[in-house]
Amino acid sequence: LSVEAGPGAAEEERFLDYRNYHDYDIEVANVNDPDARAYSVNRAAGKSSGGENQTPYFVAILASYLRAYRRHESRRKDPALALVPIDEAFSKLSGDRIRDCIRALHTLDLQGVFSMSTGNIPYAVDQCDQVIAIHKQEKTVGRRTQIRNVAVRLTRAEALERFGAAG
């Protein structure tokens, strides 16, 4: 949808932009201390570590998928696909938090497909059924550089041997 330029065009564009209608935030509460005050992730964004900011969003993503796949319903026992794809997964999390997130996924009966840096693989590999490692292959032919992504599928045992598991 486009709006022709003219008097009030900027206001019309602002009116049509859905981001002007909703204000989202996540509030985090400590379940171990019910008297503690919840804090706003948006307001704490500049003050918290990357992992402290990323964890609540990961929980919100899992809750959304859980709801979409209706995994929260105890009467739903039929096998079903419950795939959670996450790009740049765990980029700001420590090893322990990566493991916690993957355990949460398993506990909720969801299946994860994660794109992550090789530095994080050792924290996740022992909890993954398969690892698909993508390697960039560059080749120069004349003046042109050709880039090809090569995928290698590894079982858990093969991935543990190749990347190791972080203890």
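Not measured: the values here are computed from a predicted model.

A. Examining the layout of surface pockets more closely. Quantified by volume, the largest pocket comes out at close to 730 Å³. Along the wall of the largest pocket there are 25 residues; nearest its centre are Val-113, Phe-114, Cys-128, Gln-130 and Val-131. Ranked by residues supplied to the lining of the largest pocket, first place goes to strand S5 (residues 130-141) with six residues. Looking at the lining of the largest pocket residue by residue, the class counts come to 16 nonpolar, eight polar and one charged.

B. Molecular detail of the packing of aromatic side chains. The tally for this structure, following the rule as stated, stands at three aromatic pairs. For the pair Tyr-65 and Tyr-69, a centre-to-centre distance of 6.0 Å together with 20° between the ring planes defines the contact as stacked. Tyr-65 gets classed as partly exposed once you look at its relative accessible area, which sits at 25%. With relative accessibility at 24%, the residue Tyr-69 sits in the partly exposed group. A connected cluster of aromatic rings, assembled from ring pairs, spans Phe-58, Phe-90 and Phe-114.

C. Layout of the nonpolar core. One finds Phe-58 and Phe-90 to be the most contacted residues of the largest nonpolar core, which totals 20 residues. The set of elements that each furnish at least two residues to this core consists of helix H3 (50-68), strand S3 (83-86), helix H4 (95-107) and helix H5 (121-124). Of the residues forming this core, the biggest block, four residues, is contributed by H4. Discounting chain neighbours no more than four positions away, the residues touching Phe-90 are Gln-54, Phe-58, Ile-98, Cys-101, Ile-102, Phe-114, Met-116 and Asn-120.

D. Structural detail: the pattern of salt bridges. By the definition in use, this model includes four salt bridges. Here Arg-156 ties to Asp-129 by a salt bridge, and the two come within 3.0 Å at their closest N and O atoms. In this pair, Arg-156 sits in helix H6 (residues 156-163) while Asp-129 sits in the loop between H5 and S5, placing the two residues 27 residues apart along the sequence. Residue Arg-156 is classed as partly exposed on the basis of its relative accessible area, which comes to 33%. A salt bridge links Glu-138 to Lys-136; the shortest N-O distance between them is 3.4 Å.

E. Up close: the pairing of S5. Sheet analysis places S5 next to strand S6 (residues 144-155), joined by twelve bridges and oriented antiparallel. Residue pairing across strands places His-135 opposite Val-150, the latter belonging to S6. A loop of two residues connects S5 with S6, the two strands running antiparallel in sequence, and Gly-142 in this loop sits at a positive phi of about 65°.

The rules behind each value
Residues numbered from 1 in each chain as written. Predicted model: local features only at pLDDT ≥ 70, side-chain atom pairs only at ≥ 80, totals over all residues. Heavy atoms only, no water. 1 Å grid on protein atoms, 1.4 Å probe; cavity = no way out; pocket = protein on both sides within 12 Å on 5 of 7 lines; lining within 4 Å. Points joined across faces, edges and corners; volume = space filled by probe spheres on them. Helix = DSSP H or I, 4+ residues; strand = E, 2+ residues; numbered from the N terminus. Nonpolar A, V, L, I, M, F, W, Y, C, P; charged D, E, K, R; others polar. Phe/Tyr/Trp six-rings, centres within 6.5 Å; stacked < 30°, edge-to-face > 60°. Buried < 20%, exposed > 50% of the residue type's maximum accessible area, 1.4 Å probe, protein only. Core = buried A, V, L, I, M, F, W, Y, C linked by side-chain atoms within 4.5 Å. Contact = heavy atoms within 4.5 Å. Salt bridge = Lys/Arg side-chain N within 4 Å of Asp/Glu carboxyl O. Pairing = 2+ DSSP bridges.

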